[in-house]
Structure formats: C-alpha cells, structure tokens
Amino acid sequence: MKILRTAQAGSLESQDILVTVSKGKANSGLIIDLDSPSAVQYGRKIRNEIEFIVKQYELTDVHINAIDKGALAFTIKARTETAINRACMED
C-alpha cells in the first residue's frame, strides 16, 4: 500500500484515540507522535501497537500523530487501520 493523502480516524472523546496518518519525508521511516495522559505508563504499548499495524501494511516513510484519551488496544488497532485505509484510498 502507498499513502496518497493525509487521513484520520477516531475522536477526542474519553476512551478513544484520534489517529492521523500522513506521508513522511523520503527515507524518514516510521515516525509516531503520541500525546497521551497515560504516556508514562502505556506509551510504549501504544506505540508498539501502532508500529505492529503499520508493519502489517508494509508502509514506509509514514508519519502518525496519535492523541490518546485512554483507548484500549482494540480501539487503537481499529482507528489505526481505518486511518491507514483512508490514507491509501484512491479517489
């Protein structure tokens, strides 16, 4: 798959996460910007979950901005997959 546009999924409601996927600069790899009130406790787990999904889609040079409001793992997965699919969709 290839990132064609910036796309997002999710919301800023409690127990949700807003994931924005955009094309990164050439040879930048995966960049994850995470904003979460529980980043000290769960930041690594959230980043690992997002990274695992990105690798499944075989994406490179992608920038992901995630604003977490206490989302569970299945919500993180669903929002990340939806944002990626939207970003890779052709018109």
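It should be emphasised that the depicted structure is a prediction, and the values quoted were computed from it without experimental measurement. (Residues numbered from 1 in each chain as written. Predicted model: local features only at pLDDT ≥ 70, side-chain atom pairs only at ≥ 80, totals over all residues. Heavy atoms only, no water.)

Caption draft 1: Broad picture of the overall build of the protein. A count of helices and strands for the protein gives two helices and four strands. For the protein, whose C-alpha radius of gyration is 12 Å, the value lies close to the compact-globule estimate of 12 Å for 91 residues. Referenced to the eigenvectors of the C-alpha coordinate spread, the extents of the protein come out at roughly 35 × 25 × 20 Å. Within the span of the protein, comprising 91 residues, buried residues form 40% of the whole. Accessible surface, the protein: about 5600 Å² in total, of which carbon and sulfur atoms supply 49%. Charge centroids of the protein, computed over 12 positive and 12 negative side chains, lie 2 Å from each other. (Helix = DSSP H or I, 4+ residues; strand = E, 2+ residues; numbered from the N terminus. Rg over C-alpha atoms; globule rule 2.2 N^0.38 Å. Buried < 20%, exposed > 50% of the residue type's maximum accessible area, 1.4 Å probe, protein only. Areas by Shrake-Rupley, 256 points an atom, 1.4 Å probe, with all protein chains shown as cover. Lys, Arg positive; Asp, Glu negative; His and termini not counted. Charge placed at Lys NZ, Arg CZ, Asp CG, Glu CD.)

Caption draft 2: Seen up close, the sheet that holds strand β1 (residues 7-9). Spatially, four strands are ordered β1-β2-β4-β3 in an open sheet, and the strand pairing comes out mixed. Either end of the sheet is taken by a strand with one partner, and the two such strands are β1 and β3 (30-35). Sheet twist, expressed as the mean angle between neighbouring strand axes with direction ignored, is 15 degrees. Taken together, the six bridges between β3 and strand β4 (residues 62-68) define a ladder with parallel strand orientation. The residue of β4 that forms the bridge with D35 is I67. Sheet strands in contact with helix α1 (residues 39-56) are β2 (17-23), β3 and β4, and its direction is about 145 degrees off that of β3. (Pairing = 2+ DSSP bridges. Axes fitted to C-alpha atoms, helices over the stretch in contact; angles between N-to-C directions. Contact = heavy atoms within 4.5 Å.)

Caption draft 3: Summary view of the pattern of salt bridges. The full count for this structure, using the stated rule, is three salt bridges. Ionic pairing is found between R79 and D16, a salt bridge with its closest N-O pair at 2.9 Å. With R79 in helix α2 (residues 73-88) and D16 in the loop between β1 and β2, the pair connects residues that are 63 residues apart, well separated along the chain. Put simply, E51 and K55 hold a salt bridge, and the shortest N to O gap is 3.2 Å. Remark: K55 and E51 occur in helix α1; sequence separation between them is four residues, near one turn of the helix. (Salt bridge = Lys/Arg side-chain N within 4 Å of Asp/Glu carboxyl O.)

Caption draft 4: View of the side chain of T75. With respect to the helices and strands, the residue T75 is situated in helix α2. Here T75 falls in the buried class, since its relative accessible area comes to 12%. Other than its neighbours up to four places away in sequence, T75 contacts Q15, D16 and I17.

Honestly, that's just the spatial picture; any functional story needs more than this.
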